[in-house]
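Inside the fold
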Protein chains: 2
Amino acid sequence: MTKSSRSGLQQKRVTLRDVADRAGVSETTASHVMTGRRYVAEATQQRVLSVMEELKYRPNQVARSLRARSTSTVAFIVKDIANVSATTSIREAAALLRRRGFATTMVDSPDEGFSSGLLQQVVDRLPSGVIFFGQDPEPAAARLLRQASVPFVVGGLGAAHTGDWDIVYTDQAAAIRRITAVGLAHSQSRVCFIGGNWDDEGARTRLKGFTQAIEASRGALNSRDVQLVPYTVEGGRSAMANLLSDPPTLVVCGSDQIAIGAILKAQEAGLRIPQDIEVSGFDNVEASEIIRPSLTTIDARLAEQGMICAEMLLQRIELPESAAQRRELEPRVMERQSMRLSP
Amino acid sequence: MTKSSRSGLQQKRVTLRDVADRAGVSETTASHVMTGRRYVAEATQQRVLSVMEELKYRPNQVARSLRARSTSTVAFIVKDIANVSATTSIREAAALLRRRGFATTMVDSPDEGFSSGLLQQVVDRLPSGVIFFGQDPEPAAARLLRQASVPFVVGGLGAAHTGDWDIVYTDQAAAIRRITAVGLAHSQSRVCFIGGNWDDEGARTRLKGFTQAIEASRGALNSRDVQLVPYTVEGGRSAMANLLSDPPTLVVCGSDQIAIGAILKAQEAGLRIPQDIEVSGFDNVEASEIIRPSLTTIDARLAEQGMICAEMLLQRIELPESAAQRRELEPRVMERQSMRLSP
DNA sequence: TTGAAAGCGCTACCAT
DNA sequence: ATGGTAGCGCTTTCAA
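Residues numbered from 1 in each chain as written. Chains lettered and ligands numbered in written order. Predicted model: local features only at pLDDT ≥ 70, side-chain atom pairs only at ≥ 80, totals over all residues. Heavy atoms only, no water.

Under the annotation held in an unreviewed UniProt entry, chain A carries the name LacI family DNA-binding transcriptional regulator and is attributed to Microbacterium gawkjiense.

This is the structure:
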């Protein structure tokens, strides 16, 4: 017993029972003092409160959750936690949720999707809601959540879609269309696109925007003007390497990473940006301001989308039956040096 | 009833009771089939399992947590979720923890620290453990956790320290000392340091490393050779602007952000890196490979630290009374173009 | 080899 | 204006 506190000593937590006993009231009343859900005489109230203070009482959230059948926790599901676009949005959402009494747990959705039962694990913990960010839930995932009556919203998307749930998105195809059209106006010859791989929905959306712009202005798109690579600097480099046999004058990229790789590769080959090749990116990552020339890009306003997701989810939790909302945000074009937008 | 399922329909979750009834066994046995904590006859076992499958039974984790008085959830506390150094470490830790059945919740510790009661909120949810990353817990925070018997570990530190708990760290002062000493060997005149503001512990540690190197080689440090600024590109720019009245030949920086700002500013002033000024950074962020010249910097191996934190925490959860561990990792010097390390 | 039953700490329905 | 008490869904003695 003289040994420094053994874990066996188990400082048993103070329970509501303890408080009630000490204050000479019933658990019921103590509970109502705490929650304020029922009138309690001023005097009793004070008494209970001071006992709570004295005993340093803290309600056991797990017990509350068991009764309430919900944990006041929101699961934020993203493809890759370490991805910048994910984290800025999470921060905003988490801050807002915390102010409303919700904890946020982050789930890094594995490459295999949810087949592994990961989502089931999430659901087993009875979250109050789920936010999917940057990816639409697969049908099976949506079904699972519906079945378990777990409200969810989806944000960070690149297009509206037909799912029967709340979404926040920017029209990424339109943004790419716009930037491509501007480029076409002052780029006379070869115009190319380097995008993310086909399995990513955002990548497909952006390619669609590019295709539309080309078709509207020049007719058919030549498939050798399109390169699909991983969303990495290395991907951008290798795509640009392929393109350099017949150097383009404008390269629209599906991500800043790719654009940066493309720029570096072109520069190594002795080409000047933007004089010889204009390049645009997508995301507005920090490095886009640092690279020289700085990168003209598109900002999908993910932080704002994160906040909006959180707000929408809270609404959905309160009114589970209201009609699904679709919120569109205008993507922001960031004009820098790698591509000029004025004629 | 033809209306699409109202939430009022409340598909009541399948409970262990339901399974037991259907399988004609007691709740006890059903429970033991699930947990495997007691022998159950092969036949009964099969019967119960198939009923579970049939009813799609899923154990209610909240109820389990209430009994177990712990949630198999780990809280990961960082200064700023959106910070790269935080997220790479979180990803590794979260992945490892998930494999061991733990969920991870992220807590963005506010500027005011935990005075706000945030940590208490975390504790109220009965986490199985807490990881502090990039900051030592304040004494009050440590006390609170100890009192609630919540195990915790601390990682991402810049130095060992005296706290009576598990830590993972790199010797950041030594790393800066080393890089400064190398620079001093081939930099004949003005050697400066641009670091983060004084309120950050890492910033103080790094400045100390610089000071020690200078004192070991040239005696006293001239205070006008040290600039303290926020950890941002802008901070680096303005610090370099101050220094340019008498251009340094070597600038050691407390972060890559700062170093990048410093490089950009110097280049705008017509100075060449590294010919006129050598510059080093700290962190090894992605942009350090992208900037030209690429940035020589120090990698504190945060992802590994994150994993180690997770491992240590799991050990601590199992053996709460074992002696505190101190794990030191060697920081990695990344030699790139902005400063050469060979003579 | 299996069950009955007592809780974990809280909330809310009935009472009075 | 306040209490008694029955659970929420699970685990775990104790008993058979």
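Text resumes after the structure shown.
**Describing the protein's contact with DNA strand C**
Inspection of the region around DNA strand C gives 28 residues, with L16, Y57 and R67 of chain A together with R38 and T44 of chain B positioned closest. For DNA strand C, the backbone portion of the atoms within 4 Å of the protein, that is sugar and phosphate, comes to 59%. For DNA strand C, a phosphate oxygen lies 2.7 Å from a polar atom in the backbone of A41 of chain B. With respect to DNA strand C, the side chain of R69 of chain B contributes an N or O atom lying 3.4 Å from a phosphate oxygen. When contributions to the surface near DNA strand C are tallied by element, the ones reaching two or more residues are α2 (27–35) and α4 (61–68) of chain A together with α2 (27–35) and α4 (61–68) of chain B. Of the residues forming the surface near DNA strand C, the biggest block, five residues, is contributed by α2 of chain A. Among the residues forming the surface near DNA strand C, the class breakdown is ten nonpolar, ten polar and eight charged. (Near = heavy atom within 4 Å. Polar contact = N/O pair within 3.5 Å; in protein donor to acceptor, adjacent residues only side chain to side chain. Helix = DSSP H or I, 4+ residues; strand = E, 2+ residues; numbered from the N terminus. Nonpolar A, V, L, I, M, F, W, Y, C, P; charged D, E, K, R; others polar.)

**Overview of the pattern of salt bridges**
Per the counting criterion, the structure on display carries 34 salt bridges over all chains. Close ionic contact of E27 of chain A with R17 of chain A constitutes a salt bridge, the shortest N to O distance being 2.9 Å. Here the residue E27 of chain A occupies a position in helix α2, and R17 of chain A occupies one in helix α1 (residues 16–23), the gap between them amounting to ten residues. E27 of chain A sits in the partly exposed class, given a relative accessible area of 37%. A salt bridge links E92 of chain B to R91 of chain B; its shortest N-O distance comes to 3.9 Å. A relative accessible area of 28% means that R91 of chain B is categorised as partly exposed. The structure contains a network of salt bridges with shared partners spanning R17, D21 and E27 of chain A. (Salt bridge = Lys/Arg side-chain N within 4 Å of Asp/Glu carboxyl O. Buried < 20%, exposed > 50% of the residue type's maximum accessible area, 1.4 Å probe, protein only.)

**Digging into the interface of chain A and chain B**
Across the contact, 53 residues belong to chain A and 52 residues belong to chain B. The junction of chain A with chain B conceals about 4,300 Å² of combined surface from both sides, 57% of it contributed by carbon and sulfur atoms. At the surface where chain A touches chain B, the tally comes to four salt bridges. Note that D124 of chain A is salt-bridged to R58 of chain B, the shortest N-O span being 2.5 Å. Inspection of the region where chain A meets chain B yields 18 residue pairs in polar contact (both at pLDDT 80 or more). Elements with a contribution of two residues or more to the side of chain A that touches chain B: α4, α5 (84–99), β2 (103–108), α6 (118–124), α7 (139–147), α11 (256–268) and α12 (287–290) of chain A. If one sorts the elements of the side of chain A that touches chain B by residue count, β2 of chain A sits on top with six residues. (Contact = heavy atoms within 4.5 Å. Buried area = accessible area lost by both parts, 1.4 Å probe.)

**Considering the side chain of Q135 of chain B**
All names here are of chain B. In this structure, Q135 sits in the loop between β3 (129–133) and α7 (139–147). The class for Q135 is buried, based on a relative accessible area of 14%. In terms of polar contacts, Q135 uses its side chain to reach the side chain of S109, at 3.5 Å. When residues no more than four places from it in sequence are discounted, the contact partners of Q135 are I77, V78, K79, S109, V154, G155 and L157.

**Concerning helix α3 (residues 42–55) of chain B**
Residue and element names in this part refer to chain B. In this model, α3 (14 residues) spans 20 Å end to end at C-alpha, consistent with the 20 Å of a helix rising 1.5 Å per residue. Burial in α3 covers these residues: T44, V48, V51 and M52. What you see down the axis of α3 is that its buried residues fit within an arc of 100°, all on one side. What points out from α3, more than 90 degrees from its buried face, is the exposed set E42, A43 and E53. Taken together, the buried residues of α3 touch α1 (16–23) and α2. (Expected span 1.5 Å × (residues − 1). Arc of directions from axis to C-beta.)

**Digging into the protein's contact with DNA strand D**
Every one of the 30 residues lining DNA strand D counts as a neighbour, but R38 and A41 of chain A together with L16, Y57 and R67 of chain B are closest to it. The sugar-phosphate share of atoms of DNA strand D within 4 Å of the protein amounts to 59%. If you list the elements that add at least two residues to the surface near DNA strand D, you get α2 and α4 of chain A together with α2 and α4 of chain B. No other element matches the six residues that α2 of chain B contributes to the surface near DNA strand D. Its residues assigned to classes, the surface near DNA strand D comprises ten nonpolar, eleven polar and nine charged.

**Quick word on the packing of α2 of chain A against helix α3 (residues 42–55) of chain A**
Residue and element names in this part refer to chain A. Following both chains from N to C, one finds α2 and α3 inclined at 85°, their axes separated by 10 Å at the closest point. In this view, α2 runs roughly perpendicular relative to α3, as classed from their interaxial angle. Residue-level contacts link A30, V33 and M34 of α2 to Q45, V48, L49 and M52 of α3. Considering only residue class, the contact of α2 with α3 consists of six nonpolar, one polar and no charged. (Axes fitted to C-alpha atoms, helices over the stretch in contact; angles between N-to-C directions. Parallel < 35°, antiparallel > 145°, perpendicular 65-115°, else oblique.)

**What to know about the packing of helix α8 (residues 172–186) of chain A against helix α9 (residues 201–218) of chain A**
Helix packing for two helices is described by the angle between their axes and how far apart those axes are. All names here are of chain A. Contact geometry for α8 and α9: axes closest at 8 Å, N-to-C directions at 40°. Taken together, the axis directions place α8 and α9 in an arrangement best described as oblique. Once α8 is placed against α9, the crossing between them reads as right-handed. Across the interface between the two elements, Q172, A173, I176, R177, T180, A181 and L184 of α8 pack against G202, T205, R206, G209, F210, Q212, A213, I214, S217 and R218 of α9. Classifying every residue of the contact of α8 with α9 gives seven nonpolar, seven polar and three charged. (Left-handed = near helix turned anticlockwise from the far one by under 90°.)

**Here's the deal with the sheet that holds strand β6 (residues 191–196) of chain B**
Residue and element names in this part refer to chain B. Read from one edge of the open sheet, four strands run β7-β6-β8-β9, paired in parallel fashion. Edge positions in the sheet fall to β7 (226–229) and β9 (278–280), since each of these pairs with one other strand and no more. Recorded for the sheet is a direction-independent mean angle of 15° between the axes of neighbouring strands. Pairing of strand β8 (residues 250–253) with β9, which is carried by three bridges, proceeds in the parallel orientation. In the sheet register, L250 faces β9, and the bridge partner there is E278. Contacting β6, β7 and β8, helix α10 (residues 233–243) runs over the sheet at an angle of about 155° to β7. (Pairing = 2+ DSSP bridges.)

**A word on the sheet that holds strand β8 (residues 250–253) of chain A**
All names here are of chain A. Spatial strand order, β7-β6-β8-β9: four strands in an open sheet with parallel pairing. Edge positions in the open sheet fall to β7 (226–229) and β9 (278–280), since each of these has one partner strand only. Mean inter-strand twist for the sheet, computed between neighbouring axes without regard to direction, equals 15°. In the sheet, strand β6 (residues 191–196) pairs with β8 via four bridges, with the strands oriented parallel. Within β8, the residue paired with V191 across the bridge is L250.

**Focus: the relation of the copies chain A and chain B**
Taken as rigid bodies, chain A and chain B are interconverted by a rotation of 180° and an axial shift of 0.1 Å, the fit giving an RMSD of 0.2 Å. As the rotation angle and translation indicate, the two copies are arranged about a two-fold axis. Considering only C-alpha atoms, the residue of chain A closest to the rotation axis is T105 of chain A, which sits at 2.0 Å. (Least-squares fit on C-alpha atoms with pLDDT ≥ 70 in both.)

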